[in-house]
Structure formats: C-alpha cells, structure tokens
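Descriptive structure summary
Residues per chain are reported as follows:
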Amino acid sequence: MNICVYCASSDAVAPVYFRAAETLGRMIAQRGDTLVYGGAGIGLMGALARAVKAGGGHVIGVMPKVLAAEPITFALLDEFVITDNMRERKARMEALADAFLVLPGGFGTLEELAEILTLRQLREHTKPVVLLNVQGFYEPLIALFEHYYREGFAKPWRELYAVYDDVAAALAYVDAYRPILPPRKWFEPGGEA
C-alpha cells in the first residue's frame, strides 16, 4: 500500500511529535508499505522518512522544483518526483496514494488536508483520510469542523475522515476501510454546503 503522509517540515516542534512521526515511519516499513510524502529531510518529514528507511522501507518524495532547489531534500529517497509547482505536487501525491495520514503540521499540512477532504467530499476519490491527533493537536480543528456542521456550512458527514491518537489504531482503520460515497455536497433546495 502507498501511504501518503502530510506533516510538518519544522524542526522547532516538541519531541512528542517527532516520536509519533518515527513510530509511523517504523510501522510503515514493518508493514511493507511505501511512504509517499513531501520529500524533505527536515522536521517531522525527515524523522518520518528516516524511520521508514531505517526499517528497510521504500520512500517516494514529491517536491516542487522551487523547493527542490533548496538544501532540504532527504538524501535517501528511493524515488524523487519533481513537479512544476505545489498544485502539481499535491495532484501527484494524491494519484500515488492509497491512503492519507495527517500528522501535526502547519499551514501547508492544513492546506493539503483541506484539499484532500474537499476532493473526498466531491467524490473525486474514495481513499481513507486519517488525522493523527498526537497530544490532542487536532482538537481545535475538529471543533472547527463541528462548528461548520452546526452552522450549516458543511453536511455533518464525519465519515470523510477518521481521527486517532494512536498510530497502530490509525493503520488498523486504513486496513479495514471500505470506500463509501459521501452524500451530495449541496443542501437542498440548492444552498451549497
């Protein structure tokens, strides 16, 4: 299975987040899965990729050329895909992935999550999307999603994503996942969710 992981490139985050990235990387390697990620060797991205490689796993990095020119690329990538821009990068990662796991991250991670959820909502893919809620990191975002539902800005179809605190439980969800189509995005008689 190709597991796409979105996560931070920051080195300034707490050790608990690095431990979660390393645990996920080890488990991806142990399972014989392939990591698809942003290609960096820094932050949680680097910790994740190093753990996959240390376990003998396969790593595909996908990076836009503007970032590929920076000295941040993970040196041990098995495959390195360079795209023209960030939009193409996200599309390539989506095409390669069988599942999406989202570790804590910043604006880039949030944007990737929002796009993959939107594409799921629009039925452009039926792949599992899992937030890894390390140290309750995603609680404010989950609360925002609930606010959307209460205020009628989105249908309360929580099956768009799953939330787990534990890496093993998240991967078990991915293994057991069976695709189902979400309801139509639009509220009747025509108000957009």
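Residues numbered from 1 in each chain as written. Predicted model: local features only at pLDDT ≥ 70, side-chain atom pairs only at ≥ 80, totals over all residues. Heavy atoms only, no water.

Turning to the packing of helix α1 (residues 15-31) against helix α2 (residues 43-54), a few remarks are in order. At a closest axis distance of 7 Å, the pairing of α1 and α2 adopts a crossing angle of 30°. When the axes of α1 and α2 are compared, the crossing they make is right-handed. Seen from α1, the contacting residues are Tyr17, Phe18, Ala21, Glu22, Leu24, Gly25, Arg26, Ile28 and Ala29; seen from α2, they are Gly43, Leu44, Ala47, Leu48, Ala51 and Val52. Class assignment of the residues belonging to the contact of α1 with α2 gives a composition of eleven nonpolar, two polar and two charged. (Axes fitted to C-alpha atoms, helices over the stretch in contact; angles between N-to-C directions. Helix = DSSP H or I, 4+ residues; strand = E, 2+ residues; numbered from the N terminus. Left-handed = near helix turned anticlockwise from the far one by under 90°. Contact = heavy atoms within 4.5 Å. Nonpolar A, V, L, I, M, F, W, Y, C, P; charged D, E, K, R; others polar.)

To continue, consider the packing of helix α4 (residues 86-96) against helix α5 (residues 107-121). Closest axis-to-axis distance for the α4/α5 pair is 11 Å, and the angle between their directions is 55°. What the angle tells us is that α4 and α5 run oblique. Here α4 and α5 pass one another in a crossing that is right-handed. Residue-level inspection shows Arg89, Lys90 and Glu94 of α4 in contact with α5, the latter providing Glu111, Glu112, Glu115, Ile116 and Leu119. Along the lines of polarity and charge, the residues of the contact of α4 with α5 split into two nonpolar, no polar and six charged. (Parallel < 35°, antiparallel > 145°, perpendicular 65-115°, else oblique.)

The next point concerns the side chain of Glu112. On the secondary structure map, Glu112 appears in helix α5. Salt bridges are absent for the buried Glu112, whose nearest opposite-charge side chain, Arg89, sits at 4.5 Å. Setting aside its immediate chain neighbours within four residues, Glu112 contacts Tyr6, Arg89 and Lys90. (Buried < 20%, exposed > 50% of the residue type's maximum accessible area, 1.4 Å probe, protein only. Lys, Arg positive; Asp, Glu negative; His and termini not counted. Salt bridge = Lys/Arg side-chain N within 4 Å of Asp/Glu carboxyl O.)

Okay, unusual backbone geometry next. The phi dihedral of Arg123 is positive, around 65°, even though this residue is not glycine. Residue position: Arg123 is located in the loop between α5 and β6 (129-132). The class of Arg123 is partly exposed, set by a relative accessible area of 40%. The phi torsion at Gln135 lies on the positive side, around 55°, for a residue other than glycine.

The sheet built from seven strands is open, its strands ordered β4-β3-β2-β1-β5-β6-β7 with parallel pairing. Two strands close off the open sheet at either side, each with one partner strand: β4 (79-83) and β7 (162-164). The mean inter-strand angle of the sheet, taken between neighbouring strand axes irrespective of direction, is 25°. With four bridges joining them, strand β2 (residues 34-37) and strand β3 (residues 58-64) adopt parallel strand pairing. Along β3, the bridge assignment pairs Thr34 with His58. Along the sheet face, α1 touches β1 (2-6), β2, β5 (99-102) and β6 and points at about 170° away from the line of β1. Where α4 meets the sheet, it contacts β1, β2, β3, β4 and β5, and its direction lies at approximately 155° from that of β3. (Pairing = 2+ DSSP bridges.)

Let's shift gears to α4. Turning to α4, its buried residues number three or more, namely Arg89, Lys90, Met93, Glu94 and Leu96. Buried residues in α4, looked at end-on, bunch into an arc of 165°, giving them a common side. The exposed set on the far side of α4, more than 90 degrees from its buried face, consists of Arg87 and Ala95. Measuring from the backbone nitrogen of Arg87 back to the side-chain oxygen at the start of α4 gives 3.1 Å, which picks out Asn85 as the cap. (Arc of directions from axis to C-beta. Polar contact = N/O pair within 3.5 Å; in protein donor to acceptor, adjacent residues only side chain to side chain.)

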